[in-house]
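Structural features, examined
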Amino acid sequence: SWLLLKHVALFFAYLSAVLRLPHLSLIGKDLAYSSIMFELDRCKLIDAVIFTNVYAGSQPLWSRVLHNGRTHMVWHSPNHKPVSYNFDNLDSDYPSMRWLRVNAHWVWTSSFANYLRSFDHGGTVNVIGPIMFYLPVRTVLDSSSIKILIFDNPPFSDDLALKHGQVSNYNHPDNMLIFIRGVIALKCELEKYFGKSVAFHLKTKRGYNINYDRGYFDYIGDLDAKGVITIEHHSVNMYSLISGANLVIVYPFSTPAYMADYLDVPSIYYDPTGSIIRSDFSDTPSLMTFAGTPESLLSSAILALKKVFDKAVET
């Protein structure tokens, strides 16, 4: 067809230009699809193009200039801001954030919506609550014991962090090990205080792959084998899992705390390093809290659980 011939002609024109100006190869991927997308858009064959925040750092150039189709970005995770450290109090954003251009954003919270609006992207921002790509399923809470859910982040090496532009590596394996150990250390104190057994369930953010630290996954696997924790599959329904818990403890600033807030389950962001500033996107009122020491983690857990059990008695 003439469209195919046009596309082939553009390809050879581009190839000729690259031989003369090699730096044009940087936009090769964009040019490969641009003429096709422009023609489809001209014929009004595109209603909507939907991106997720996974592509927030690599938005194709053609998506900025569609005349008939609309572009959407679905933020299934509000955890899209670098951590800030106490020692310098430096607030920063991912560089790609200022260059996003879509007709509509879809987000969890009003706080994150306001964050996006601060970049003056021009598109509308819609606050719709949890974005999980599956339907809610609730679990009945068992008040005879204490079920605490732990949510981690995948730990990786400093070399891998640097390749992704992270000068400091907050997801270092040592930090994640301290996080897990700090949470399970709550068991004796909580059982003594409440007179109930405490069970820990851990959901890893993702399954193991070669980019992650093998030693950490071996460690939590050993805890599971010994009955210290129960590892939930990383693809489990989050509505069901969290609604059946008394308390959620999350590595900063991962998404499960927002889901817990939606389900009226208290949550704690626990920073095992004591080095970062709280910088989540929760709305007011919120059941989220933040702890930066083992002592504040224990006191926050006791306070949260007291409210849970007091509410159960009232009900």
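See the structure printed just above.
Residues numbered from 1 in each chain as written. Predicted model: local features only at pLDDT ≥ 70, side-chain atom pairs only at ≥ 80, totals over all residues. Heavy atoms only, no water.

It is worth spelling out the overall build of the chain at this point. If you tally the helices and strands in the chain, you get 10 helices and 12 strands. Considered along the principal axes of its C-alpha atoms, the chain spans approximately 75 × 45 × 40 Å. Burial analysis of the chain (315 residues in total) assigns 44% to the buried set. Of the contacts made within the chain by residues no fewer than 6 positions apart, 61% connect residues no fewer than 24 positions apart. (Helix = DSSP H or I, 4+ residues; strand = E, 2+ residues; numbered from the N terminus. Buried < 20%, exposed > 50% of the residue type's maximum accessible area, 1.4 Å probe, protein only. Contact = heavy atoms within 4.5 Å.)

This part is about empty space enclosed by the protein. Applying the stated criterion to the full structure yields 1 cavity of 30 Å³ or more. There is about 40 Å³ of room inside the largest cavity. Lining of the largest cavity is provided by Pro78, Asn79, His80, Lys81, Phe253, Tyr258, Ser279, Asp280 and Phe281. Its residues assigned to classes, the lining of the largest cavity comprises 4 nonpolar, 3 polar and 2 charged. (1 Å grid on protein atoms, 1.4 Å probe; cavity = no way out; pocket = protein on both sides within 12 Å on 5 of 7 lines; lining within 4 Å. Points joined across faces, edges and corners; volume = space filled by probe spheres on them. Nonpolar A, V, L, I, M, F, W, Y, C, P; charged D, E, K, R; others polar.)

What follows covers the environment of Leu223. As for its placement among the helices and strands, Leu223 is situated in helix α7 (residues 214-225). Leu223 gets classed as buried once you look at its relative accessible area, which sits at 8%. The sequence separation of Leu223 and Cys188 amounts to 35 residues, and the corresponding C-alpha distance is 16 Å. The contact partners of Leu223, leaving out residues within four places of it in the chain, are Ile180, Ile184, Val228 and Ile229.

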